[in-house]
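Breakdown of the fold
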Amino acid sequence: MTEPAAQFTITLAQLNSTVGDVTGNAAKARAARIKARDDGADLVVLSELFISGYPPEDLVLKPAFQSACRGAIEELARETADGGPAMLIGTPWVEDGKLYNACALLDQGRVAAIRFKANLPNYGVFDEKRVFARGPAAGPVTVRGIRVGVAICEDTWLEESSDYENVVECLAETGAEILVVPNGSPYARDKNDLRLSIVVARVTESGLPLIYLNEVGGQDELVFDGASFALNGDLSVAAQLPAFEESVATLRWNKTADGWRCSGPVAQLPEGDKADYAACVLGLRDYVGKNGFPGVLLGISGGIDSALCAAIAVDALGADRVRGVMLPFRFTAQVSIDDAAKLAAALGIRYEVLPIAQAVNGFEAILAGSFKGLPRDIAEENLQARTRGTLLMALSNKTGAMVVTTGNKSEMSVGYATLYGDMNGGFNPIKDIYKTEVFRLSSLRNTWKPDGALGPSGEVIPANIISRPPTAELRENQTDQDSLPPYDVLDAILERLVEREEPLASIVEAGFDRELVARIDRLLNIAEYKRRQAAPGVKVTRRNFGRDRRYPITNRFRDAGKPLPGPDHTLVSRASRGSSEAFDG
């Protein structure tokens, strides 16, 4: 009779897959297995839907894509006939005419087992019920005589619903010895605490050690931060992989009287503003790299938003792939021109100045007849922004570099931005960062930079840019506070309206001015049409615009700001016709 194994070695491959790059993803998996073999591993684990990239969205419905993924898995399976480690890898899988989010165990030259995701998330950024069928809860798979319980991402979360499968409970009851959870869990602020609480609950309930293997990398708006970890059955930390970077680590588990235990490497994770900044860097780097842009360019205004975006771009891509352009007009202060030049010098980027007076004056001359008898107003102001946008896009067309747009979440919320002007661009690294956070991240970057950042250390954003009152400089002596409340007040209201979906009445009860709250809520609603046309940007908060918060553009409902009614009361909009207070036509 064969003695039960006393040691089990698992390699965690926290890697950056690319959606649709089946060949490239398979090559990464193959390289990870070679590393695992060299480390003497029994099993190498890759993340959820690794072979397809995550999330594949409707691409996964394409039969040719399904076939390509299956072909790659079967080829990897044949390679395991070499006697090396088994592989557990995420893949789409068609079985009996149904498409599943699956994990395939590849061993001894074949697909040894398939496990399907039972609980499909359909909230926030997730939409898996549209594309995948639910799989049944199933027992563990056997690798080298060890019973490994496979629960895919959402299978470790519990809901109070009749159709929820308690996958971990099923695995424990059917003899699993170690739980392995492949994930595609995107970054959001304070997400690590939430993940840990979920895993602690599952380990406590099952009494089993658990490996949480997450992917890393940017995919459109989403950033996957990795930060994979493992807990022993007594809730002690067995291992912690780094965040925001690829990592392949081999963990050696030993059988004890109390079950399997491991003591592996424990990396220090960035938290708070540092994690947000690192997410913005990785998101921009992968958006540019995975979409094949040679580099980026952006308008450098001398203001804090473009300064922070320039720093992020250099940290993501290196100074040689970033180009800054100052586009001054007669309202541009000399201090803005000077600060922009200092910023470019500190970052080491290519920098040029293209005055826009000739173009703006030409547009005004063309429109003189059409505008005759009408006062100067926001239309003329926005000609400046749209001229800048046109010139940046022309440079993009000529060079292939992608335009980085630089509006923050506060501006995106209330529409303080110009369509086809400063909103022009292919990607926005700070789209989900409020203005008060822009100030914090800028100060932070002057004293710290994330691991792997390609930019210089030290002060890269001139102190004057951080301390100056923000201004769009579209008219004489303009500041943002001419049109908006102080940003600390604005952002506090927006956080309650956007992230928490608080009723106006409760925001007022918290001490905010009633008329101001109503005004900000109105601006938030009427700016939806702009946000639909905005560039994608990195998700950082619990509810970003686009994937998380999906509001109709045509929408006549407005919160009346009254105490919440009973179930038989009908709320009636009091602002059904919109408002002329939009910042841009």
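Let us look at the structure shown here. Each chain carries its own residue numbering, running from 1 in the direction its sequence is written. Restriction of local features to residues with pLDDT of at least 70 applies here, the model being predicted, together with a cutoff of 80 or more for giving and counting side-chain atom pairs; totals for whole chains, interfaces and linings are based on all residues. Heavy atoms from the whole structure form the basis of all side-chain values; hydrogens and water molecules are not counted.

A short note on the overall build of the protein
Keep this limit in mind: In this description a helix means any DSSP run of H or I spanning at least four residues, a strand means any run of E spanning at least two, and both kinds are numbered starting from the N terminus. Burial status follows relative accessibility: with a 1.4 Å probe on protein chains alone, a residue under 20% of its type maximum counts as buried, one over 50% as exposed, and anything between as partly exposed. What makes two residues a contact is simply this: any of their non-hydrogen atoms within 4.5 Å. Residue burial considers only the protein chains on display, and all accessible areas are found by Shrake-Rupley using a 1.4 Å probe. In this count, Lys and Arg are taken as positive residues and Asp and Glu as negative ones, while His and the chain termini are left out. Charge placement uses NZ in Lys and CZ in Arg. For Asp and Glu, CG and CD serve respectively.
Of regular secondary structure, the protein possesses 16 helices and 19 strands. Principal-axis analysis of the C-alpha atoms gives the protein an extent of 95 × 65 × 45 Å. Taken across its 585 residues, the protein has 56% of its residues classed as buried. Residue pairs in contact within the protein that sit at least 24 positions apart in sequence constitute 73% of those at least 6 positions apart. When the accessible surface of the protein is totalled, it reaches about 24,200 Å², and 51% of it is carbon and sulfur. Measuring between centres, the 64 positive side-chain charges of the protein sit 4 Å from its 77 negative side-chain charges.

Things to note about the nonpolar core
Worth spelling out the cut-off: What is meant by a nonpolar core is a set of buried Ala, Val, Leu, Ile, Met, Phe, Trp, Tyr and Cys residues, joined one to another through side-chain atoms within 4.5 Å.
By size, the foremost hydrophobic cluster in this structure holds 53 residues, and its most contacted members are F244, L284 and I461. Looking at this core, the elements with two or more residues in it are α5 (272-290), β16 (296-299), α6 (304-317), β17 (322-326), α7 (334-347), α11 (435-445) and α12 (463-467). Among the elements that take part in this core, α6 stands out by supplying eleven residues, more than any other. Residues contacting I461, with those up to four places away along its chain left out, are A307, L308, A311, L343, S442, N446 and I466. Formed by 30 residues, the second largest nonpolar core is a distinct cluster that contains F8, I211, A230 and A249.

Quick notes on the packing of aromatic side chains
The relative placement of two aromatic rings is captured by the distance of their centres and the angle of their planes. Keep this limit in mind: Pairs were defined over the aromatic rings of Phe, Tyr and Trp, the Trp ring being its six-membered one, requiring ring centres within 6.5 Å. Orientation was assigned from the angle between planes: stacked under 30 degrees, edge-to-face over 60, tilted for the rest.
Summed over all chains, the structure comprises eight aromatic pairs. Centroid distance Y187 to F244: 5.5 Å. Interplanar angle 65°. Geometry classified as edge-to-face. Pair noted here: Y187 is in the loop between β8 (178-183) and α4 (191-206) and F244 is in the loop between β13 (237-240) and β14 (247-256), with a separation of 57 residues, a long-range link. We classify F244 as buried; its relative accessible area is 12%. Here F329 and F331 contribute two aromatic rings whose centre-to-centre distance is 5.8 Å and whose plane-to-plane angle is 70°, an arrangement assigned as edge-to-face.

Some details on the sheet that holds β8
Note the following rule: Two strands qualify as a pair provided that DSSP identifies no fewer than 2 bridges between them. Convention adopted: a line fitted to C-alpha atoms gives each axis, helices being fitted over their contacting stretch, and angles between N-to-C directions are expressed from 0 to 180 degrees.
If you walk across this open sheet you meet the six strands as β6-β7-β8-β9-β12-β13, and the pairing is mixed. Each having just a single partner strand, β6 (141-143) and β13 make up the two edges of the open sheet. Averaged over all neighbouring strand pairs, the angle between strand axes comes to 20°, with direction disregarded. Pairing of strand β7 (residues 146-150) with β8 involves three bridges; the strand directions are parallel. Of the residues in β8, the one forming a bridge with G149 is L179. The strands touched by α4 within the sheet are β8, β9 (210-214) and β12 (229-231), with β12 carrying the most contacts at an inclination of about 30°.

Let's talk about the pattern of salt bridges
Where side chains of opposite charge bring their charged atoms close, a pairing between them can arise. Definition in use: Any carboxyl oxygen of Asp or Glu within 4 Å of a side-chain nitrogen of Lys or Arg constitutes a salt bridge here.
According to the stated counting rule, one finds 33 salt bridges in the structure shown. When the shortest N-O distance is used, the salt bridge between E528 and R531 registers 2.9 Å. With a gap of three residues between them, E528 and R531 both fall in helix α16 (residues 528-532), about one helical turn apart. As far as burial versus exposure is concerned, E528 and R531 are alike and both buried. Several salt bridges share partner residues, and in doing so they unite E495, R500, E502 and R542 into one network.

Points about the sheet that holds strand β15 (residues 259-262)
Pairing is mixed across the open sheet formed by seven strands, whose spatial order is β5-β4-β3-β2-β1-β14-β15. For this open sheet the edge positions go to β5 (110-116) and β15, each flanked by a neighbour on one side alone. Sheet twist, expressed as the average angle between the axes of neighbouring strands with direction ignored, equals 35°. Where strand β4 (residues 98-107) lies against β5, six bridges are found, and the strand directions are antiparallel. In the strand pairing of β5, A102 is matched with F116. The sheet contacts of helix α2 (residues 63-79) involve β3 (86-95), β4 and β5, and relative to β3 the element is tilted by about 150°.

As for unusual backbone geometry
Excluding glycine, residues mostly have negative phi values, and the peptide bonds linking residues are mostly trans. At the junction of Y54 and P55, the peptide bond is cis and its omega measures out at -5° in the coordinates. In this structure, P55 sits in the loop between β2 (43-45) and α2. Not every positive phi belongs to a glycine, and D220 is a case in point at roughly 55°. Relative to the elements of secondary structure, D220 occurs in the loop between β10 (216-219) and β11 (222-225). Non-glycine residue Y420 carries a positive phi angle of around 65°. Structurally, Y420 is set in the loop between α10 (409-414) and α11. Classification of Y420 by relative accessible area gives partly exposed; the value is 48%.

Re the side chain of K191
As a reminder of what qualifies: By the criterion applied in these results, polar contacts are pairs of N or O atoms within 3.5 Å in which, for protein atoms, one can donate a hydrogen and the other can accept it, and in which residues neighboring in sequence qualify only through two side-chain atoms.
Structurally, the position occupied by K191 is in helix α4. Lacking a salt bridge, the buried K191 has D225 as its closest oppositely charged neighbour, with an N-O distance of 6.6 Å. A polar contact of 3.5 Å, which involves the side chain of K191, links it to the side chain of S185. Leave out the neighbours within four places in its chain, and K191 touches S185 and P186.

Things to note about the environment of P265
Mapped onto the fold, P265 is located in the loop between β15 and α5. The spacing of P265 and I89 is 176 residues in sequence and 23 Å in space, taken between C-alpha atoms. Excluding residues that lie within four positions of it along the chain, P265 makes contacts with A239, Q240 and L251.

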